[in-house]
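# Structural description and commentary
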Amino acid sequence: MNAESAPVAIIMGSRSDWPTMKAAADALEALGVAYHAKVVSAHRTPDRMYAFAKGAKAAGYKVIIAGAGGAAHLPGMTASMTELPVLGVPVESKALKGMDSLLSIVQMPGGIPVATLAIGEAGARNAGLLAARILALGDADLAQRVAEYAARQSDMVSESVED
Ligand code: RP5
């Protein structure tokens, strides 16, 4: 969603992360929350990461979702350079199935918080939903949409074990 300004930034270490991180974008779209999605790599584009993180608040973002795989330093490095809440999504890696990504993101030193989600698409989707819940604290209309989303989800779960 390329609105001119958006409250959520979805950043990721590589274009190869997008199929996973799209689940965050889809959740935000379902709730009518604008976002910008971009590739910002801690290792391959460190200057871009620095500029993004340092400028994120002034750019109007309220929440940052950061996804990365392997030696997943992007969420933590971003969190070290902004006061905005950072939600980290461990992208599933080929070699270690995302355990490397998870541990890289979750084991932050005290003082630099990153809220770490589950590995892969479920984590990305939940990051989108969590970002919306954070924004909903100051937005009654969005809070209503978040509640309706949860209710719709419950309605879709049949109690029956057969069709
Ligand atoms: C990380 O390395 C990215 O976040 C990605 O998950 C992983 C592999 O990147 P590519 O080699 O596919 O670009 O930095």
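Residues numbered from 1 in each chain as written. Predicted model: local features only at pLDDT ≥ 70, side-chain atom pairs only at ≥ 80, totals over all residues.

Let's shift gears to the UniProt feature "domain: PurE" (unreviewed entry) in the protein. Taking the numbering used here, the UniProt-annotated feature "domain: PurE" (unreviewed entry) corresponds to residues 6-157. Helix and strand shares over residues 6-157 are 45% and 16% respectively, and the end C-alpha atoms of the span are 32 Å apart. (UniProt positions renumbered as here; feature names shortened; annotations may be inferred. Helix = DSSP H or I, 4+ residues; strand = E, 2+ residues; numbered from the N terminus.)

In this structure, Val8, Ile10, Ala24 and Ile65 are the most contacted members of the largest nonpolar core, which totals 45 residues. Not counting the four nearest positions on each side in its chain, Ile10 is found in contact with Met21, Ala24, Ala25, Tyr35, Ala37 and Ile65. (Core = buried A, V, L, I, M, F, W, Y, C linked by C-beta atoms within 7 Å. Buried ≥ 20, exposed ≤ 12 C-beta atoms within 10 Å, placed from the backbone. Contact = placed C-beta atoms within 7 Å.)

Our focus in this paragraph is the site of the ligand. Taken together, the residues surrounding the ligand are Met12, Gly13, Ser14, Ser16, Asp17, Ser41, His43, Ala68, Gly69, Gly70 and Val91. A breakdown of the residues in the shell around the ligand according to their chemical character gives three nonpolar, seven polar and one charged. (Near = placed C-beta within 6 Å. Nonpolar A, V, L, I, M, F, W, Y, C, P; charged D, E, K, R; others polar.)

Let us look at the sheet that holds strand S4 (residues 86-91). Within a beta sheet, neighbouring strands are joined by backbone hydrogen bonds and run either parallel or antiparallel to one another. Here five strands make up an open sheet; going across it, the order is S2-S1-S3-S4-S5 and the pairing parallel. The two strands at the open ends of the sheet, each matched to only one other strand, are strand S2 (35-39) and strand S5 (115-116). Of the strand pairs in this sheet, S4 and S5 are connected by two bridges, and their pairing is parallel. Across the sheet, the residue bridging to Leu87 is Ala115, located in S5. Strands strand S3 (63-69), S4 and S5 of the sheet are contacted by helix H4 (residues 99-106), whose axis makes an angle of about 160° with S4. (Pairing = 2+ DSSP bridges. Axes fitted to C-alpha atoms, helices over the stretch in contact; angles between N-to-C directions.)

Notably, Lys97 is not glycine yet its phi reads approximately 60°, a positive angle. Relative to the elements of secondary structure, Lys97 occurs in the loop between S4 and H4. On the neighbour-count criterion, Lys97 (12 C-beta atoms within 10 Å) is exposed.

Moving on, we come to the UniProt feature "binding site: substrate" (unreviewed entry) in the protein. The UniProt record annotates "binding site: substrate" (unreviewed entry) at Ser14, Asp17 and Arg44. Across 31 residues in sequence, these annotated residues keep their C-alpha atoms within 14.2 Å of one another, forming a single compact spot. Turning to its location among the elements, Ser14 is positioned in the loop between strand S1 (8-12) and helix H1 (18-30). With 18 C-beta atoms packed within 10 Å, Ser14 lands in the partly exposed category. Beyond its immediate chain neighbours, meaning those up to four positions away, Ser14 contacts Val39 and Ser41. Mapped onto the secondary structure, Asp17 falls in the loop between S1 and H1. Sequence-distant contacts of Asp17, defined by excluding residues within four places in its chain, comprise Met12, Gly67, Ala68, Gly69 and Val91.

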